[in-house]
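Report on the structure
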Amino acid sequence: MAKAKLEYIWLDGYKPTQSLRSKTKIEDDFSGNLDDCPMWSFDGSSTEQAEGGSSDCLLKPVFICPDPQRKNGYLVMCEVLNADGTAHVSNGRATIQDDDNDFWFGFEQEYFLWDINTDKPVGFPAEGFPTRPQGPYYCSVGAQNAYGRYVVEEHLDACLEAGLNVEGINAEVATGQWEFQIFAKGAAAAGDQIWVARYLLERIGEKYNMSINWHCKPLGATDWNGSGMHANFSNTALRTAGNKAVYDTICQAFSPSDIIKAHIAVYGADNEQRLTGKHETQSIDQFSYGISDRGASIRIPIATVERGWKGWLEDRRPNSAADPYKVAAVIIKTVKSAKVMEAA
């Protein structure tokens, strides 16, 4: 059998925002199964995850899919462990304490395609800003409105060929801003697929000498939208509620000040630059929810209401650079604290 190329992918220890790292392992007669991916190690002193005198960190494979861009290739998402096998402090996946697949997550991942020569979004002039404000670019078509579509389409095809559950793509509100959506049952599964999709996008960008800007407000304090990673979520209680009271109870569980702080702490760095109360956001220190309200912390989709209060919620606060593992973990914890599952 041909030798297989296993691309081991992990998250480094940089703060406040982690980056993806990867390296290739060659395996003979590889089955393609996760259980046959061996543990591996790396130099943690080069990724802010260990000291030089004791630098070995372990890579534990947790998700595998075909690598659509390499012959006989696989993408292997890994957790980072300490040398003794315990979860490394940088391991966001380990924060998921209760993952029984009752919780379903749909993440809307926004990002900017970034021209590394101008240090601006694609479609921006080398000097200054576009002559037209936001408006024409959202879900746009045409060379005067949509920039970098070839990258986005190549990424979509790669994700689908890898078997990731991408549910859609669209051009976003700002010039050069795009979004893809991924759905999965289970917090870890959703996080695995978002990270692998991010990896593929980064790697495709290399081909075009283009970077992916995940920062939540890369254009600073301007009248241009920031980027989010809106978290749509449901559990049995939300999917079967049948009444508004269950939704009110769950939403209100997110409202105490200590709970707001706990969520914001893992919803991505620099989020105060994005959550200002403008550009379809609620202020970072406030909490609100409402039907179809894109200026609320949590939006109740109209489809949920039309289905007789059987559906899902959308937390609009996580930003584009947030760790989906940590986002899902804190949402599960808060929803479970509402104690409505038995009543539903």
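Residues numbered from 1 in each chain as written. Predicted model: local features only at pLDDT ≥ 70, side-chain atom pairs only at ≥ 80, totals over all residues. Heavy atoms only, no water.

With respect to the overall build of the protein
Each helix and strand counted, the protein has seven helices and 14 strands in total. Relative to the 2.2 N^0.38 estimate, which gives 20 Å for 344 residues, the radius of gyration of the protein is 20 Å and therefore close to what a compact globule would have. Its C-alpha atoms put the protein at 55 × 55 × 40 Å along the principal axes. When the 344 residues of the protein are sorted by exposure, 52% land in the buried category. In the protein, 66% of the contacts between residues at least 6 apart in sequence involve partners at least 24 apart. Total accessible area computed for the protein in this model is approximately 14900 Å², and 49% of it derives from carbon and sulfur atoms. Positive and negative side-chain charges in the protein, numbering 33 and 46 respectively, have mean positions lying 3 Å apart. (Helix = DSSP H or I, 4+ residues; strand = E, 2+ residues; numbered from the N terminus. Rg over C-alpha atoms; globule rule 2.2 N^0.38 Å. Buried < 20%, exposed > 50% of the residue type's maximum accessible area, 1.4 Å probe, protein only. Contact = heavy atoms within 4.5 Å. Areas by Shrake-Rupley, 256 points an atom, 1.4 Å probe, with all protein chains shown as cover. Lys, Arg positive; Asp, Glu negative; His and termini not counted. Charge placed at Lys NZ, Arg CZ, Asp CG, Glu CD.)

Re the nonpolar core
Membership of the largest hydrophobic core comes to 75 residues, with the highest contact counts inside it found for F105, L164 and I331. The greatest single-element share of this core, amounting to eleven residues, is contributed by helix α2 (residues 187–207). Setting aside anything within four residues of it in sequence, one finds L164 in contact with F63, C65, C159, Q193, V196, A197 and L200. Counting residues in each nonpolar core, the second largest holds 13 residues, with A4, L6, Y8 and W10 among its members. (Core = buried A, V, L, I, M, F, W, Y, C linked by side-chain atoms within 4.5 Å.)

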